[in-house]
Amino acid sequence: MNNDNSLDPLCFILVKSGAHGGKLLFKYPFSNHSEVHNESLHCNCSGGNPYKLTLSEDLLNQRENVEHSNIQQGQLHGLSDETLANLFSVSKDLCGSKFELKVNDGRFVGHPVSLEPDEGSGSSSSRRTTLTMFHIVIALRADTPYSIVHCYHELSMRLGLCLYHEELRVGYMTQQMRSLMAAHDEVANLPEDQQEHPFCLAVERSHLARDIQTIYNDICHTGEVRLYVNKWVELSFCLPHKVHKTHLPNVLVEPESIFQCLESLRPYYSLLLQVNRACYHHF
């Protein structure tokens, strides 16, 4: 882990589920090149019958030629939006707890949030929405240490709680879902030679898409995140491994070491905060 990039996420993925099923609303970073749209069918264009299709079952005999990697140039690769939506649009039973899934050399961690009312609660919601679940998934490398995976799960949980709060308060997630869906529909209705990536339009139209972009960039640059979701709820996060590498580039500081030090403190102990001597010249 000498390379700081090993601490960075591959991407953030926003998935929703509702009356019309699961859908991937946003992913960042994203490639402007077209992704794989269907892994179960592969067109054989090397010769012979141009309409011949190779079914996924036939690939079992060609397994030695299949590259089992979903990471390319530091980004998630080879999984279509439809596949990601199917993987992360979980049932209500899995909401409210840690979600973790390993696919080839990628690991996905999140904390899905249910918007369906609890059975027997007797509470009726006046919100008119088809949104039943949303899920902020963070893609990592499969060999990412557990302490880092734990930190990213906490980030997903914190962001999910902020969005849940704003959905109950002002219907924020429903508004953002509609903006993101409209961006997808608008691009799909354009002539093929005028189409841009729907996620490019999503960044322009959606506050949530821009927040996800900001969170990703802040983590990669500094390891710290501080912003206000919907200009109301504060989200703060720190990846200790990244922050301490800025000051101690040759030392990997695990969060467990920090927690052990804090737990060892007693009421009669004190913390002495060090200040750069250059600061004293200003007094």
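Residues numbered from 1 in each chain as written. Predicted model: local features only at pLDDT ≥ 70, side-chain atom pairs only at ≥ 80, totals over all residues. Heavy atoms only, no water.

**Overview of the overall build of the protein**
What counts is decided by this rule: Labels follow the DSSP assignment, with helices taken as runs of H or I lasting at least four residues and strands as runs of E lasting at least two, numbered in each case from the N terminus. Remark: exposure states derive from per-residue accessible area (1.4 Å probe, protein chains only) relative to the maximum for the residue type, with buried under 20%, exposed over 50%, and partly exposed in between. Any pair of residues with heavy atoms lying within 4.5 Å of one another is described as a contacting pair.
Within the protein, the regular secondary structure consists of seven helices and twelve strands. Here the protein, with 283 residues, has 38% of them falling under the buried criterion. Put simply, 62% of the contacts in the protein that link residues at least 6 apart link residues at least 24 apart.

**Focus: the packing of helix 3 (residues 172-188) against helix 4 (residues 198-205)**
Between two packed helices, both the angle of their axes relative to each other and the distance between the axes serve to describe the pair. Note the threshold: Lines fitted to C-alpha atoms define the axes, with helix axes restricted to the stretch in contact, and inter-axis angles between N-to-C directions lie between 0 and 180 degrees. Roughly parallel refers to an angle under 35 degrees, roughly antiparallel to one over 145, roughly perpendicular to one between 65 and 115, and oblique to any angle outside these ranges. Two helices that cross are described as forming a left-handed crossing if the nearer one is turned anticlockwise from the farther one by less than a right angle, and a right-handed crossing if clockwise. All amino acids are sorted into three groups, where Ala, Val, Leu, Ile, Met, Phe, Trp, Tyr, Cys and Pro are nonpolar, Asp, Glu, Lys and Arg are charged, and the leftover types, Gly among them, are polar.
The interhelical angle for the contact between helix 3 and helix 4, taken along N-to-C directions, is 140 degrees, at an axis separation of 9 Å. By the angle between their directions, the pair helix 3 and helix 4 is classed as oblique. Relative to helix 4, the crossing made by helix 3 is right-handed. In this structure, helix 3 contributes Ser-179, Leu-180, Ala-183, His-184, Glu-186 and Val-187 to the contact, and helix 4 contributes Pro-198, Phe-199, Leu-201, Ala-202 and Arg-205. Residue composition of the contact of helix 3 with helix 4, by class: seven nonpolar, two polar and two charged.

**Regarding the packing of aromatic side chains**
The geometry of an aromatic ring pair is captured by two quantities: the separation of the ring centres and the angle between the planes. The following threshold applies: Each pair of aromatic rings taken from Phe, Tyr and Trp, with Trp reduced to its six-membered ring, is defined by centres within 6.5 Å and is described as stacked if the planes are under 30 degrees apart, edge-to-face if over 60, and tilted in the remaining cases. Lysine and arginine charges are scored as sitting over a ring when NZ or CZ, respectively, is within 6 Å of the ring centre and within 35 degrees of the ring normal.
Going through the model one piece at a time under the given rule, you end up with nine aromatic pairs. Aromatic pair Phe-26 and Tyr-28: ring centres 6.4 Å apart, planes at 10 degrees, arrangement stacked. Note on Phe-26: relative accessible area 0%, which makes it buried. In this structure Tyr-28 comes out as buried when scored by relative accessible area, which is 14%. Three or more aromatic residues link up through ring pairs in this structure, and these residues are Phe-12, Phe-26, Tyr-28, Phe-30, Phe-199 and Tyr-216. Positioned above the aromatic ring of Trp-232, the side-chain terminus of Arg-169 is 4.0 Å from the ring centre.

**With respect to the side chain of Thr-144**
The condition that has to hold: A 3.5 Å cut-off defines polar contacts: any pair of N or O atoms within that distance qualifies, except that in protein one atom must be a possible hydrogen donor and the other a possible acceptor, and neighbouring residues in sequence count only when both atoms are side-chain atoms.
Checked against the element boundaries, Thr-144 lands in the loop between strand 10 (131-141) and helix 2 (146-170). Here Arg-141 takes part through its backbone oxygen, which lies 2.7 Å from a polar atom of the side chain of Thr-144.

**So, the environment of Gln-75**
The topology assignment puts Gln-75 in strand 6 (residues 75-76). Along the sequence, Gln-75 and Leu-10 sit 65 residues apart, while their C-alpha atoms lie 5.0 Å from each other. With residues up to four places along the chain from it excluded, the contact list for Gln-75 reads Leu-10, Pro-29, Phe-30 and Asn-70.

**Here's the deal with the confidence of the model for the protein**
To keep it simple, the criterion reads: Each residue carries a pLDDT score, the predictor's own confidence in it, on a scale running from 0 to 100.
Here the protein averages 82 in pLDDT, while 78% of its residues score no lower than 70. Contacts for the low-pLDDT stretch residues 34-47, under 50 throughout, to residues beyond four places or in other chains number 29 contacts.

**A few points about the pattern of salt bridges**
Just so we agree on the cut-off: Note on definitions: salt bridges are taken to be side-chain nitrogens of Lys or Arg within 4 Å of carboxyl oxygens of Asp or Glu.
Evaluated as defined, the whole model comprises eight salt bridges. Across the salt bridge formed by Lys-98 and Glu-100, the nearest N and O atoms sit 3.2 Å from each other. The exposure class of Lys-98 is partly exposed, given its relative accessible area of 33%. Accessibility expressed as a relative area gives 36% for Glu-100, which makes it partly exposed. Between Glu-100 and Arg-107 there is a salt bridge, with its nearest N and O atoms 2.9 Å apart. One connected set of salt bridges, linked through shared partners, spans Lys-98, Glu-100 and Arg-107.

**Details of the nonpolar core**
Filter applied, for reference: By nonpolar core we mean a set of buried residues, namely Ala, Val, Leu, Ile, Met, Phe, Trp, Tyr and Cys, connected to one another through side-chain atoms within 4.5 Å.
With 65 residues, the main nonpolar core has Phe-12, Ile-13, Phe-26, Phe-108, Tyr-152, Leu-163 and Ile-215 as its most contacted residues. Once residues lying within four places of it in the same chain are set aside, the contact partners of Tyr-152 are Leu-7, Asp-8, Pro-9, Val-109, Ile-138, Leu-140, Ile-219 and Leu-239.

**Topic: unusual backbone geometry**
The peptide bond linking Tyr-28 to Pro-29 adopts the cis configuration, its omega dihedral lying at -5 degrees. Following the sequence through the fold, Pro-29 ends up in the loop between strand 2 (21-28) and strand 3 (41-43). Its identity is not glycine, yet Asn-104 carries a phi of approximately 55 degrees, on the positive side. Positive phi outside glycine occurs at Lys-231, with the angle close to 55 degrees. Position of Lys-231 relative to the elements: it lies in the loop between strand 11 (224-229) and strand 12 (233-238).

**Section: helix 2**
The condition is simple: The span you would expect from a helix comes to 1.5 Å times its residue count less one.
The first and last C-alpha atoms of helix 2 sit 36 Å apart over 25 residues, in line with the 36 Å expected at 1.5 Å per residue. At the exit of helix 2 stands Gly-171, carrying a positive phi of roughly 70 degrees.

**Observations regarding the packing of helix 4 against helix 5 (residues 207-221)**
Between helix 4 and helix 5, the shortest axis-to-axis distance is 6 Å and the interhelical angle comes to 105 degrees. Taken as axis vectors, helix 4 and helix 5 run roughly perpendicular relative to one another. Residues Ala-202, Val-203, Glu-204 and Arg-205 of helix 4 touch helix 5, and the partners they reach there are His-207, Ala-209, Arg-210 and Gln-213. Tallied by class, residues from the contact of helix 4 with helix 5 come to three nonpolar, two polar and three charged.

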